[in-house]
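Coordinate inspection notes
These are the residues of each chain, in order.
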Amino acid sequence: MTLKKRLIAIMCAATLAAFGLAGCAGSAQQGATNDAQSQNRQFMSQVNETVEDMGERLQDFDDAVSRGDVVTMRSAADEAFACISTLESLEAPEQLTDIKQQYVDACNTLSGALSSYVDLYAEIESATDEAPFDYSTYESRLAEIQSAYNEGIEQLKAADTAATEA
């Protein structure tokens, strides 16, 4: 499974968690509780929309990878990363501030892994006979990227767990 496909799968999991939180927050209490729940649902809905947007933008990245188009890969990745700024700018209800930060941190970790992947691919693509790519570092660099990716996945899982428990 490619790194991009795994990222989309995780983003889908985050979307499901957001829906789960929105559904759990719908109990029939009155007054301030209803207002807080409504704010929670609204915020998680915004998180969901942002994550869906990121997933759509990553489809362009997947297309670029399949064509070996490094310039479009970078552009599509940057477009997807713009969603992180959107996520950061969302105003979270006080009780969800930590959860928001967990999602932002997870997305930043994943974007770092994706950027490293693009950088590695660009180095390979730009190698020449005069300046060949050093394949002796390939496996270790790929392992570092995978490790960062796995860390991001674990962070997303933790954010999802915290969101469903909130």
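So, how was this worked out
- Residues numbered from 1 in each chain as written.
- Predicted model: local features only at pLDDT ≥ 70, side-chain atom pairs only at ≥ 80, totals over all residues.
- Heavy atoms only, no water.
- Helix = DSSP H or I, 4+ residues; strand = E, 2+ residues; numbered from the N terminus.
- Buried < 20%, exposed > 50% of the residue type's maximum accessible area, 1.4 Å probe, protein only.
- Contact = heavy atoms within 4.5 Å.
- Areas by Shrake-Rupley, 256 points an atom, 1.4 Å probe, with all protein chains shown as cover.
- Salt bridge = Lys/Arg side-chain N within 4 Å of Asp/Glu carboxyl O.

1. Notes on the overall build of the chain
When helices and strands are tallied, the chain shows five helices and zero strands. Going residue by residue from the N terminus, the α and β elements of the chain occur as α-α-α-α-α. A total of 166 residues make up the chain; the buried ones form 37% of that total. Long-range contacts, defined here as pairs at least 24 residues apart, represent 74% of the contacts in the chain between residues at least 6 apart. Carbon and sulfur atoms form 48% of the exposed surface of the chain, whose accessible area is close to 9000 Å².

2. Focus: the pattern of salt bridges
Summed over all chains, the structure comprises six salt bridges. With its nearest N and O atoms 3.6 Å apart, the salt bridge here joins Asp69 to Arg67. The class of Asp69 is partly exposed, set by a relative accessible area of 24%. Here the residues in one salt-bridge network are Asp53, Arg57 and Glu79, joined through shared partners.

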